[in-house]
Amino acid sequence: MDLFSRSWTALRAAVAGLADEDFARPSGCTGWLVRDLVCHLIIDAQDVLITLVTPAETEPTRDAVTYWEVAETPPTGDDPLDALIVRLAAAYEELWLLKFHLDDVGSAAGRAAELADPELRVGTRDVVLTAGDYLSAYVLEWTLHHLDLVAHLSHVAGPSVEGLARSRAMLEKIAGGPFPVSFSDEDALLVGTGRRAPSEAEEAELGELAVRIPLVLG
């Protein structure tokens, strides 16, 4: 849960430091500009707040790894929800309002996470898991989206080494095997989730794992 807070704080700080022109740059998410990604982060923060105040009485059905579902096809940006995010982001005519909304809702989500009992059972997306597992799952979400944020913004700091390492470990469990040791944590995440294609040399190193990626997480 501490890593959730650190990862989320770092991501919000990176957004807070963006210049206006940065919001018009492409992000690492297909079909989304940086402003669209930031709008998505606001929705994510709302989801965290909603989930942490939605207690469940039944036994957990998922953990931090099995929380994630793997889709068969990568996103194209044409999904109705993805398109809605683009329209919502465009409605923020003043970019400082987008920053303010993320800081406002994001800070609340961060405080809620710090106050949550890690053993509390919560419900979301028709599954039950502990608050601790739910927040641990979101370390992967924050880390991947931090990489998306800086994909075309080399002057902006990326995710922490600790967040990258934890996210790689979770992705390897989802993939059912480790990525080659020659892959940096960042490369493992980018290649493993289809954010970039592996080189011929990397594909050869992946071996049997090559047929199981990219992992499109949702």
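For the structure itself, consult the block above.
Residues numbered from 1 in each chain as written. Predicted model: local features only at pLDDT ≥ 70, side-chain atom pairs only at ≥ 80, totals over all residues. Heavy atoms only, no water.

A. Quick look at the overall build of the chain. Per the secondary structure count, the chain includes eight helices and four strands. Written out in order from the N terminus, the α and β elements of the chain read α-α-β-α-α-β-β-α-α-α-α-β. Radius of gyration (C-alpha) of the chain: 17 Å, near the 17 Å computed for a compact globule of 218 residues. If one aligns the C-alpha atoms of the chain with their principal axes, the spans along those axes are about 45 × 45 × 30 Å. Within the chain, the proportion of its 218 residues that are buried is 46%. On the chain, roughly 10,900 Å² of surface is accessible, and the fraction owed to carbon and sulfur atoms is 55%. One finds the centroid of the 16 positive side-chain charges in the chain at a distance of 2 Å from the centroid of its 36 negative side-chain charges. (Helix = DSSP H or I, 4+ residues; strand = E, 2+ residues; numbered from the N terminus. Rg over C-alpha atoms; globule rule 2.2 N^0.38 Å. Buried < 20%, exposed > 50% of the residue type's maximum accessible area, 1.4 Å probe, protein only. Areas by Shrake-Rupley, 256 points an atom, 1.4 Å probe, with all protein chains shown as cover. Lys, Arg positive; Asp, Glu negative; His and termini not counted. Charge placed at Lys NZ, Arg CZ, Asp CG, Glu CD.)

B. Broad picture of the packing of helix H2 (residues 34–52) against helix H5 (residues 131–149). Across the interface, H2 lies against H5 with an axial gap of 11 Å and an inter-helix angle of 175°. Of the possible angle classes, the one that applies to H2 and H5 is roughly antiparallel. Between H2 and H5, the contacting residues are Val34, Leu37, Val38, His40, Leu41, Asp44, Asp47, Val48, Thr51 and Leu52 on the first element and Ala131, Tyr134, Leu135, Tyr138, Glu141, Trp142, His145, Asp148 and Leu149 on the second. Class assignment for the residues of the contact of H2 with H5 results in twelve nonpolar, three polar and four charged. (Axes fitted to C-alpha atoms, helices over the stretch in contact; angles between N-to-C directions. Parallel < 35°, antiparallel > 145°, perpendicular 65-115°, else oblique. Contact = heavy atoms within 4.5 Å. Nonpolar A, V, L, I, M, F, W, Y, C, P; charged D, E, K, R; others polar.)

C. Seen up close, the environment of Val156. When you line up the elements, Val156 lands in the loop between H5 and helix H6 (161–175). Judged by relative accessible area, which is 14%, Val156 ranks as buried. Sequence separation between Val156 and Asp22 is 134 residues; the distance between their C-alpha atoms is 9.8 Å. Residue contacts for Val156: discarding those within four places in its chain leaves Ala14, Leu18 and Val150.

D. Structural detail: the side chain of Asp148. Here Asp148 shows up in helix H5. Once you skip the residues sitting within four places of it in the chain, Asp148 turns out to touch Ser27, Gly28, Cys29, Leu37 and Arg195.

E. Representation of the pattern of salt bridges. Summed over all chains, the structure comprises nine salt bridges. One salt bridge in this structure joins Glu69 and Arg62, with 3.6 Å as the shortest N-O distance. (Salt bridge = Lys/Arg side-chain N within 4 Å of Asp/Glu carboxyl O.)

F. Local environment of the pairing of strand E3 (residues 127–130). Here E3 shows no split at all, with Val127 and Leu129 on one side and Val128 and Thr130 on the other all buried. Both strand E2 (residues 121–124) and E3 contribute to a ladder of four bridges, which runs antiparallel. When the bridges of E3 are listed, Arg121 appears paired with Thr130. Where E2 hands over to E3, the hairpin turn is made up of two residues, of which Arg125 adopts a positive phi near 50°. (Pairing = 2+ DSSP bridges.)

G. Seen up close, the nonpolar core. One finds Phe4, Trp8, Val48, Tyr134 and Leu149 to be the most contacted residues of the largest nonpolar core, which totals 65 residues. Secondary-structure elements contributing two or more residues to this core are helix H1 (2–16), H2, helix H3 (80–91), helix H4 (95–115), E3, H5, H6 and helix H7 (185–192). Looking at this core, the element that brings in the most residues is H5, giving eleven residues. Ignoring sequence-local partners within four residues, the contact set of Tyr134 consists of Asp47, Val48, Thr51, Leu52, Tyr67, Val122, Thr124 and Leu129. (Core = buried A, V, L, I, M, F, W, Y, C linked by side-chain atoms within 4.5 Å.)

H. Broad picture of a nonpolar patch on the surface. A contiguous nonpolar patch, built from Leu81, Leu84 and Leu88 and spanning about 250 Å² of accessible area, is present on the exposed surface. Tracing the sequence through the fold places Leu84 in helix H3. (Patch = residues over 30% accessible without salt bridge, like charges linked within 9 Å, V, L, I, M, F, W, Y side chains within 5 Å.)

I. Inspection of a negative patch on the surface at higher detail. Taken together, Asp20, Glu21, Glu93 and Glu94 make up a surface patch of like negative charges. Residue placement: Glu94 occurs in the loop between H3 and H4.

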